[in-house]
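# Understanding the architecture of this molecule
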Amino acid sequence: MQEAYVIEPGERHGRRWRWMVLWGGAGVLALLARLFLSSDRDILALNSPYDEYWFVHSAARLVWGGNYNQMAFANLPVYSIWLALQNALGLPARLGIDLAWLSGVAYAAYALVRFSGRRWIGAAFWLLCAFHPLFIAMFDRALSETLLVVLMPWLLGAALEVWNTRAMQGGRRAPVATCVLALSFALAFHVRKEGVLFFVPLVLLGACSLLHRAQWWPSLRTGTLGMRFVGLPLLATLVLGAGLAGMNYLRWGVAVRYELAAPGYERAIAALNRIDAGPGLLHVTVTRKARQLAYEHSPTFRELQGFFEGEPGRVLAVHTAQFTGHEGEIGNGWFYWAVRDAGAMVGWHSSARAAETKYHAIANELEAAFDAGRLPAYPAWTPSFLDPDLGKWIGRVPGSSWGALRLVVDGSPASVRLPAENATPQQMASFIEIVGRRNPVPSTRVRGWIMLPPGASVGLSQGGAEPVGWTMLSDLGRRPDVPGALAFSLAAPGAGGDDALVVRTADGSLGRLPFSQMRAGAMATTQGAVAVTLGVDELVAGRRGDRIERWLSQLRGVPVTWDWLARLGQLYQGINIALLAVLLVAVVAWGVRRFVPVPVLAVCGIAGTMVVSRAVLFGILDASSWNGVQARYMAPMIPVFVFMVAVAVSALPQWRPLPSAGRR
């Protein structure tokens with residue numbers, strides 16, 4: 001009879017340590033690899049006064065510093081506070097967002113391991129989220145959505161850890177999970193305007209807890225499951241909201257979290273939207289005809305007529321027509337801000353209270369005209385950000401919602417189009433100060449010689465725009481090494497894919513040569529009315545190659561262009577299809593077994609509700625008001641989706657090999 005093999009305690013302890021070293025080493029290598037991929041990336045400096053630049057400028061003035069204007073507290077300041085804290089610590093914003101993201105994903109992965117008992121589920125979740133190409137690209141922008149993306153794994157991991165530690169007595173895990181859940185929920189609620197969506201899973205969880213009141217709500221002590229899951233996150237959200245409103249009241253005189261949520265402004269926009277000026281245009285609620293009616297019935301709004309019907313309004317209409325396709329009309333996404341800019345131009349925004357008085361006056365005058373029947377109006381129940389003319393957009397909601405939902409499983413970084421940096425010198429200084437750039441400001445430079453006579457000029461054209469920095473050639477620049485050639489040197493801030501060198505002769509004839517057709521150390525010929533030969537000694541232009549491309553170029557000795565992020569996106573397209581298939585298999589397995597653990601069902605149900613509710617909201621906004629089907633809006637739901645799949649997999653039967661005959 002074969003002798004049984006028994007694992008001694010010391011041997012078991014040694015195996016455990018070997019596995020810990022193996023997993024720990026693999027984790028460190030994966031972390032270093034992920035940080036390497038974004039080690040030379042920076043926050044883009046963009047001239048976007050209502051988005052990126054607003055957050056950076058707000059952080060530069062410490063949120064509540066400086067003088068009041070119409071932009072002082074127009075947005076929620078949580079992301080600006082985050083940037084200011086990183087700046088105070090001397091941490092580059094691009095590195096900071098990476099570290100916060102990777103640590104949050106690690107915490108959620110740890111919670112998954114404790115929940116499922118399977119290390120590979122946590123490891124797979126971390127790898128899928130950490131290396132997602134969408135976030136590698138998206139974190140290059142100073143948008144509040146990036147902080148919301150970071151908060152999601154902290155929120156998910158803390159919620160699962162609260163469940164994992166429900167029966168734990170003593171220790172640090174339970175109080176840490178409770179604090180992280182309350183704080184991350186409150187920050188996620190207040191970092192973006194659509195934070196009210198987080199009440200959907202909270203209300204759903206609260207309703208479910210009432211079915212098991214004895215277990216969830218034995219008392220109102222902070223240690224009960226109901227208080228940890230529902231009560232404390234709600235309390236933290238109320239406290240943070242009250243704090244933001246209180247600071248704004250003390251500094252600006254209006255007790256709101258941000259000025260676009262001020263009652264007077266919201267009433268004014270809602271009243272303007274209600275004007276029934278006949279069949280309208282998609283994504284244009286307040287048309288020119290509606291504005292004319294508003295001027296007639298609101299003397300206060302008439303004060304803005306010079307802005308909307310003058311040169312500023314015409315320029316704005318030309319700009320928005322590129323996106324809405326409606327010539328001469330101002331799209332909704334710009335009209336909300338244009339009202340404030342127009343008010344500032346005529347002096348309404350001398351203070352926040354003065355501006356509120358004016359906006360209340362617009363609402364009062366228009367509502368009086370509605371009530372008296374002098375002005376036709378749509379029903380008053382629609383929110384200020386929706387077009388009350390439901391007939392023209394309601395049918396588009398399913399398609400728009402589906403388009404938003406599909407972005408959750410779109411791994412391609414092409415869905416996040418990174419614009420070329422276009423910040424002004426003053427704005428660039430703010431970006432450099434606050435986000436801590438690790439790379440020099442991009443620039444375009446070209447130096448060499450050209451076969452043109454003295455008196456001709458050379459200049460730079462960036463992005464197809466008119467040439468700038470014209471430099472006249474002279475005899476002083478004769479090149480002794482190239483007979484008949486004159487030296488030239490041009491430089492301009494920024495770099496784009498459409499840069500070109502432009503030549504102009506004394507009679508005004510022009511020639512052009514794209515930078516894409518020039519190489520340092522080589523000659524080329526301009527195109528157009530003036531065809532001349534030039535030689536390039538130095539060329540710095542176009543997309544700056546990342547570290548991987550530079551290393552490959554040095555190894556091979558020739559320039560190498562490798563868009564590894566796009567390749568990674570193609571890989572994730574297949575991975576996302578596999579994740580959907582795994583989720584379907586899990587659902588089928590639950591149906592066959594006719595059993596699914598309640599915690600798994602609850603997590604998947606709440607996570608699915610979060611994803612669908614956000615897709616529906618932005619689908620409604622896309623159908624009604626402005627382009628809501630953008631990857632930046634749905635990106636926070638990607639870790640929620642992956643987390644849901646991981647929890648679903650944890651409920652599948654665990655396969656174990658049969659013990660060998662010689663062991664027991």
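Notes on the structure in this doc start here. (Residues numbered from 1 in each chain as written. Predicted model: local features only at pLDDT ≥ 70, side-chain atom pairs only at ≥ 80, totals over all residues. Heavy atoms only, no water.)

### Let's talk about the overall build of the protein
Within the protein, the regular secondary structure consists of 25 helices and nine strands. By principal-axis analysis of the C-alpha atoms, the protein measures approximately 105 × 80 × 45 Å. A burial count over the protein gives 50% of its 664 residues as buried. Put simply, of all contacts in the protein between residues at least 6 apart along the chain, 70% involve residues at least 24 apart. For the protein, the separation between the mean place of its 59 positive charges and that of its 43 negative charges on side chains is 12 Å. (Helix = DSSP H or I, 4+ residues; strand = E, 2+ residues; numbered from the N terminus. Buried < 20%, exposed > 50% of the residue type's maximum accessible area, 1.4 Å probe, protein only. Contact = heavy atoms within 4.5 Å. Lys, Arg positive; Asp, Glu negative; His and termini not counted. Charge placed at Lys NZ, Arg CZ, Asp CG, Glu CD.)

### Digging into the pairing of strand 6 (residues 510-514)
Across five bridges, strand 5 (residues 500-504) lies against strand 6 in antiparallel orientation. Opposite Val502, over in strand 6, you have Arg512 as the bridge partner. In this structure, the hairpin formed by strand 5 and strand 6 is closed by a connection of five residues, where Gly508 is found at a positive phi of approximately 95°. Here two bridges tie strand 6 to strand 8 (residues 527-528), and the two strands are oriented antiparallel to one another. Across the sheet, Gly511 pairs through a bridge with Gly528, a residue of strand 8. (Pairing = 2+ DSSP bridges.)

### Some details on helix 7 (residues 144-164)
Between its terminal C-alpha atoms helix 7 stretches 31 Å, which fits the 30 Å expected from 21 residues at 1.5 Å a residue. The element helix 7 is extensively covered by neighbouring structure, given that 18 of its 21 residues are classed as buried. (Expected span 1.5 Å × (residues − 1).)

### Quick notes on the sheet that holds strand 2 (residues 457-461)
Strand order in the open sheet formed by five strands is 3-2-5-6-8, and the pairing between neighbours is antiparallel. Since the sheet does not close on itself, it has two edges, and those belong to strand 3 (468-472) and strand 8, each with one partner.

### Remarks on empty space enclosed by the protein
Tallied over the full model, the rule gives four cavities of 30 Å³ or more. Empty space within the largest cavity amounts to approximately 70 Å³. Considering the residues around the largest cavity, the lining is formed by Leu197, Phe198, Pro201, Met610, Ser613, Arg614 and Met637. If one sorts the elements of the lining of the largest cavity by residue count, helix 23 (residues 598-624) sits on top with three residues. A class-by-class count of the residues in the lining of the largest cavity yields five nonpolar, one polar and one charged. (1 Å grid on protein atoms, 1.4 Å probe; cavity = no way out; pocket = protein on both sides within 12 Å on 5 of 7 lines; lining within 4 Å. Points joined across faces, edges and corners; volume = space filled by probe spheres on them. Nonpolar A, V, L, I, M, F, W, Y, C, P; charged D, E, K, R; others polar.)

### Here's the deal with the nonpolar core
Taken as a class, soluble globular proteins show a tendency for nonpolar side chains to be buried jointly. Within the largest apolar cluster, 157 residues are counted, with the highest numbers of intra-cluster contacts made by Trp101, Phe125, Phe198, Ile275, Phe308, Leu366 and Phe643. Other than its neighbours up to four places away in sequence, Phe198 contacts Leu148, Met152, Leu155, Phe185, Ala188, Phe189 and Met610. (Core = buried A, V, L, I, M, F, W, Y, C linked by side-chain atoms within 4.5 Å.)

### Some points on unusual backbone geometry
In the Ramachandran plot, Val63 falls in the positive-phi region, its phi being about 70° despite a non-glycine side chain. Following the sequence through the fold, Val63 ends up in the loop between helix 2 (52-60) and helix 3 (78-89). The buried category is assigned to Val63, whose relative accessible area is 6%. Despite not being glycine, His283 shows a phi value in the positive range, around 70°.

### Quick notes on the sheet that holds strand 4 (residues 486-493)
Judged by pairing direction, the sheet is antiparallel, and its four strands sit side by side in the order 4-1-9-7 without closing on themselves. Sheet topology places strand 4 and strand 7 (523-525) at the edges, where each strand pairs with a single neighbour. Strand-to-strand twist in this sheet, taken as the mean axis angle between neighbours without regard to direction, amounts to 35°. Here six bridges tie strand 1 (residues 443-450) to strand 9 (residues 533-540), and the two strands are oriented antiparallel to one another. By the bridge assignment, Gly448 is partnered in strand 9 with Val536. (Axes fitted to C-alpha atoms, helices over the stretch in contact; angles between N-to-C directions.)

### Things to note about the environment of Ala506
Looking at where Ala506 falls in the secondary structure, it is placed in the loop between strand 5 and strand 6. As for Ala506 and Ala456, which are separated by 50 residues in sequence, their C-alpha atoms are 5.5 Å apart.

### Quick notes on the packing of helix 7 against helix 8 (residues 173-191)
Remark: helix 7 packs on helix 8, axes separated minimally by 8 Å, with the N-to-C direction vectors making an angle of 150°. Between helix 7 and helix 8, the interaxial angle falls into the category roughly antiparallel. Relative to helix 8, the crossing made by helix 7 is left-handed. Residues Ser144, Leu147, Leu148, Leu151, Trp154, Leu155, Ala158, Ala159, Glu161, Val162 and Asn164 of helix 7 form the contact with helix 8, whose participating residues are Arg173, Ala177, Thr178, Val180, Leu181, Ser184, Phe185, Leu187, Ala188 and Val191. (Parallel < 35°, antiparallel > 145°, perpendicular 65-115°, else oblique. Left-handed = near helix turned anticlockwise from the far one by under 90°.)

### Here we look at a nonpolar patch on the surface
A surface patch of nonpolar side chains, amounting to about 310 Å² of accessible area, comprises Val28, Leu29 and Leu32. Here Leu29 lies in helix 1 (residues 9-37). (Patch = residues over 30% accessible without salt bridge, like charges linked within 9 Å, V, L, I, M, F, W, Y side chains within 5 Å. Areas by Shrake-Rupley, 256 points an atom, 1.4 Å probe, with all protein chains shown as cover. Salt bridge = Lys/Arg side-chain N within 4 Å of Asp/Glu carboxyl O.)

### A look at the pairing of strand 2
Most of strand 2 sits inside the fold, with five of its five residues counted as buried. Because side chains alternate across strand 2, one face comprises the buried residues Ser457, Gly459 and Ser461, and the other comprises Val458 and Leu460, equally buried. As defined by bridge partners, strand 2 adjoins strand 3 across three bridges and the pair is classed as antiparallel. Counterpart to Leu460 in the pairing with strand 3 is Val468.

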